[in-house]
Amino acid sequence: MSQHGVGPRAVTRSVAFLTAGVLAVPALAGCGSDDPSGKPLAGQDIQPAPRDRITDGGTLRWAADSVPDTLNTFQSDADATTTRVAQAVLPSMFRMDASGRPERNPDYLESAKVVDTEPKQVVLYKLNQQAVWSDGREIGAADFAAQWRALSGKDTAYWTARNAGYDRIQKIERGDNALEVRVTFSRPYADWRSLFSPLYPKDVMGTPDSFNDGARNKLQVSAGPFMVKKVDRKDDEVTLARNPRWWGEPAKLSEIVLRTVPRDKRAAELAAGTLDLAEIDPTAARRITVAARPQSSASPLMGPGADRSAADSLESWARANGSDEEAADEETVAREKLRRAAAAYARQQQALSGFEVRKSLEPAYTQLALNGAEGPLTDERVRRAVARALDRKDLARTVLKPLGLPAVPVGSHLALSGQAAYADNSGALGDQDTEEAQALLADAGWVRGGPIKEKEKEKEKEKAAGPEGGKAGDTDQDDKARRGPDPAGHLAQDGKQHVPAHQGGAPGAYAPQGTAAPANQESAPLAKNGKPLTLRFVLPSGPGSQTLRTVAERISRMLERVGITTAISKVSDESYFKDHIASGQYDLALYSWPATAFPATDARPVYAKPVPAADGSLNVEQNYTRVGTDQVDQLFDEAVATLDEGESRSLIRKADSRIWAAAGSIPLFQRPQLLAARKNLVNAGAFGFGTPVYEDMGFLKKGAKAASGPSAKGSKAP
């Protein structure tokens, strides 16, 4: 997950205060009769329509972030467009339903189930007898076996990004007939449904050369409703065309063109008529929503000149008609330029009235990451104090309420509401409580008014400015980084919200009994051993990250209320993740992780305890907070090896409670998913958890209407 999403399938550990003997977690609702997983907070918004109302033919022009470097999803440089192409052109034994849970894909599978557990786990796949590759060959055991051998990790000549699950397979063989595939595991594997989705033909997986290079720029053989027609790197497009050998419901669209369009250019491209579907930012969403409304005096003013007051206009007129000819000429040119810009904007708004905003919540969440490798955050009490200072409900409202989306904080690191493994385990850490946060800091030795050495002051200035020798423009000290308390009390709660430990909190998540909060010395910074408590808050500087920066400013104010100072450092988008998050050059950071239906497999490398590598460095896998425990690792290992689904979910929830208690990362809110769609485009838009059904996408027939009902429209427009 980058700040907007880096897939978990694709780094000096902290001082550990949690041990198996002292850690207690809240009683898990999953152990009782009530299902704590709940329902998705927002449904799909795809304008559903039955197939008989959809035109046969047409081209869907869909904005993408890039033309992928590879069409092989199992390579390290695969991206979101790689996944989109694979979903449309390759088999997947299982796909995600609207609740983010795996469901059998009947186009490829008649059935799939565990048929033996002793002495080994055996899964029997019965394939759809009509399922064939585009070259006419039947999909069968040879394809499964080739993919297993390529991804097992045994042959290092295959440049694979991951082999989770495939490394547990012992053998693959044909069943009683050509439509049956028997997969025998060397070790039990709970997440077996995650395998063979997508499934590549043996022509791609059969040899290291074909795996490494054969599917980077083309897929000669496919088996989905579409096939890859062309990858055009000159025009930055990928064109998918109907697969004539597709045995399922035929695709309604003739082609899907995935066009690379920067996010800040998408509104203009939509208005120009060169796109039909595009993921957009909140600013573009507001613009399209306004364009779709009937124009009236109550419509908000937007575009060039919209922020000019009557006094500004009068002053401009006076300059243009004044006695100073040079000033008058300049003002006349400026007024004409503004008039043309406003006219062009009005034309764009008229064109945008043919679109609507479809929105849901992404299967991903934004988190505050706390680097536990060095500095004050190696102390779990300080990390917990940071967490207890946050009003997560306020942060969720800040981002989601203006968009008309449910503003509910995320309660799990490992699943989202509606998914089978979800439960709100945030009680293991506790809700926002200013006094508890201050007491935790005092217990850790941080007191207000402590002496600060002059050298430490200079070091803090250097730290805030970024590493020496950085490229110009890579870091930018924000003048607003150091903020005082919010006098209006809007950005953080000041009231006590203490949840006693006997109600389920983990030891250490609260200050020890009898610890007094520090004296009220609001003007003095917290200090310890002559060092101020200042945390470097690293953020991306690009135009698409404004939401993150807004959230960061609110977090900084919340932390200031408990005595923690933040130094916000803005860095380029290109260097943000690689040079700062992955390399550990930060104290606090905001980025997102995608949810997964298989947390025992996919989330383990994100939360695994860092271990020393052979070269003396630390192997952190994808645990960029560097905070981990042996107990969490053990729970993941047990969950992935347990074939009882209820027990596996219970173990995942226990692991999540321990992750909360360690306070290495704090889930904040589910990410908004905003798409602009042409109004007559159906079965496409904000898919939420669900896997898109590409063959059902299309444009309504003239005079036809989409299906009625709550799923036809999303939440209230932004």
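Up top is the structure these notes are about.
Let us look at the structure shown here. (Residues numbered from 1 in each chain as written. Predicted model: local features only at pLDDT ≥ 70, side-chain atom pairs only at ≥ 80, totals over all residues. Heavy atoms only, no water.)

This paragraph deals with the overall build of the protein chain. Summing up its helical and strand segments, the protein chain has 18 helices and 24 strands in all. Of all 718 residues assigned to the protein chain, the portion counted as buried reaches 52%. For the protein chain, the accessible surface area stands at approximately 31000 Å², while carbon and sulfur atoms represent 49% of it. (Helix = DSSP H or I, 4+ residues; strand = E, 2+ residues; numbered from the N terminus. Buried < 20%, exposed > 50% of the residue type's maximum accessible area, 1.4 Å probe, protein only. Areas by Shrake-Rupley, 256 points an atom, 1.4 Å probe, with all protein chains shown as cover.)

A few words on the pairing of strand S18 (residues 565-571). The buried count for S18 comes to seven of seven residues, which makes it a mostly enclosed element. On S18, burial covers both faces: Thr 565, Ala 567, Ser 569 and Val 571 on one face and Thr 566, Ile 568 and Lys 570 on the other are all buried. Sheet analysis places strand S17 (residues 534-540) next to S18, joined by seven bridges and oriented parallel. Note that in S18 the partner of Leu 535 across the bridge is Thr 566. For the segment spanning S17, helix H13 (residues 546-560) and S18, crossover handedness is right-handed. (Pairing = 2+ DSSP bridges. Right-handed = clockwise from strand over helix to strand, strands pointing away.)

It is worth spelling out the packing of helix H9 (residues 380-389) against helix H11 (residues 434-443) at this point. Their axes nearest at 8 Å, the elements H9 and H11 cross at an angle of 165°. Classified by the interaxial angle, the pair formed by H9 and H11 is roughly antiparallel. Here H9 and H11 pass one another in a crossing that is left-handed. In this structure, H9 uses Arg 381, Val 382, Arg 384, Ala 385, Arg 388 and Ala 389 to contact H11, whose residues at the interface are Thr 434, Glu 436, Ala 437, Leu 440, Leu 441 and Asp 443. Of the residues assigned to the contact of H9 with H11, the class counts are six nonpolar, one polar and five charged. (Axes fitted to C-alpha atoms, helices over the stretch in contact; angles between N-to-C directions. Parallel < 35°, antiparallel > 145°, perpendicular 65-115°, else oblique. Left-handed = near helix turned anticlockwise from the far one by under 90°. Contact = heavy atoms within 4.5 Å. Nonpolar A, V, L, I, M, F, W, Y, C, P; charged D, E, K, R; others polar.)

Here we take up the nonpolar core. If you look at the biggest cluster of nonpolar residues, it comprises 103 residues, and the most contacted ones within it are Met 93, Tyr 125, Phe 196 and Tyr 607. If one sorts the elements of this core by residue count, helix H2 (residues 141-151) sits on top with seven residues. Within the second largest apolar cluster, 62 residues are counted, among which are Leu 361, Leu 368, Ala 444 and Phe 537. (Core = buried A, V, L, I, M, F, W, Y, C linked by side-chain atoms within 4.5 Å.)

It is worth spelling out the pattern of salt bridges at this point. Two side chains carrying opposite charge are able to pair once their charged atoms lie near each other. Within the structure shown, the criterion is met by 29 salt bridges. The partner of Arg 263 in a salt bridge is Asp 65, with the nearest N and O atoms 3.1 Å apart. With a gap of 198 residues between them, Arg 263 in the loop between strand S10 (255-260) and helix H5 (266-271) and Asp 65 in the loop between strand S1 (59-64) and helix H1 (80-89) connect regions that are remote in the sequence. Residue Arg 263 is classed as partly exposed on the basis of its relative accessible area, which comes to 38%. Between Glu 380 and Arg 384 there is a salt bridge, with its nearest N and O atoms 3.1 Å apart. Of this pair, Glu 380 and Arg 384 both sit in helix H9, four residues apart, roughly one helical turn. Classification of Arg 384 as buried rests on a relative accessible area of 2%. A cluster of three or more residues bridged by salt bridges with shared partners is formed by Asp 65, Arg 263, Arg 266 and Glu 279. (Salt bridge = Lys/Arg side-chain N within 4 Å of Asp/Glu carboxyl O.)

Our focus in this paragraph is helix H6 (residues 282-292). Residues of H6 that are buried: Ala 284, Ala 285, Arg 287, Ile 288, Thr 289, Val 290 and Ala 291. Looking at the buried side of H6, the elements it contacts are H5, helix H8 (325-352), strand S12 (355-370) and strand S22 (665-678).

What follows deals with the packing of aromatic side chains. Applying the stated rule across the entire model yields 19 aromatic pairs. Here the aromatic rings of Tyr 125 and Trp 192 are separated by 6.3 Å at their centres, their planes lie at 80°, and the arrangement is edge-to-face. Here Tyr 125, found in strand S5 (residues 122-127), pairs with Trp 192, found in the loop between strand S7 (180-185) and helix H3 (202-205); they are 67 residues apart in sequence, far enough to count as distant. For the pair shown, Tyr 125 and Trp 192 are each scored as buried. An angle of 80° between the planes, with centres 6.0 Å apart, marks the rings of Tyr 591 and Trp 593 as edge-to-face. The structure contains a cluster of three or more aromatic residues connected by ring pairs, namely Phe 74, Phe 94, Tyr 125, Phe 144, Tyr 166, Trp 192, Phe 196 and Tyr 200. Over the aromatic face of Trp 62 sits the side chain of Arg 84, whose NZ or CZ is 4.2 Å from the ring centroid. (Phe/Tyr/Trp six-rings, centres within 6.5 Å; stacked < 30°, edge-to-face > 60°. Lys NZ or Arg CZ within 6 Å of the ring centre and 35° of its normal.)

The buried fraction of S7 is high, at five of six residues. Looking at chain direction, S5 and S7 are connected through five bridges and run antiparallel. Paired with Lys 126 across the strands is Glu 180, a residue of S7. Direction of pairing for strand S6 (residues 169-174) relative to S7: antiparallel, over a ladder of five bridges. Bridge pairing in S7 links Glu 173 to Arg 182. Turn length for the S6-S7 hairpin, with the two strands adjacent in sequence and antiparallel, is five residues.

Right, let's talk about the sheet that holds strand S13 (residues 447-448) for a bit. Paired through their backbone hydrogen bonds, the strands of a sheet run either parallel or antiparallel. Sheet architecture is open: three strands sit in the order S13-S15-S16, paired in antiparallel fashion. In the strand order of this sheet, the two ends are held by S13 and strand S16 (531-532), each with one partner. In terms of strand pairing, strand S15 (residues 526-528) meets S16 through two bridges, oriented antiparallel. In the strand pairing of S16, Lys 528 is matched with Lys 531.

Turning next to the packing of helix H10 (residues 392-400) against H13. H13 packs onto H10 with a crossing angle of 155° between their chain directions and a minimal axis gap of 10 Å. On the basis of the axis angle, H10 is roughly antiparallel to H13. When the axes of H10 and H13 are compared, the crossing they make is right-handed. Of H13, the residues touching H10 (which contributes Asp 394, Leu 395, Thr 398 and Val 399) are Thr 547, Thr 550, Val 551, Arg 554, Ile 555 and Met 558.

Okay, the sheet that holds S6 next. The four strands lie next to each other as S4-S5-S7-S6, forming an open sheet whose pairing is antiparallel. This sheet does not close on itself; its edge strands, each paired only once, are strand S4 (109-116) and S6. Neighbouring strand axes in the sheet, compared pairwise and without regard to direction, differ in orientation by 15° on average. Running at roughly 160° to S6, H2 makes contact with S5, S6 and S7 of the sheet.

Keep in mind that these numbers describe shape and distance, not what the molecule does.
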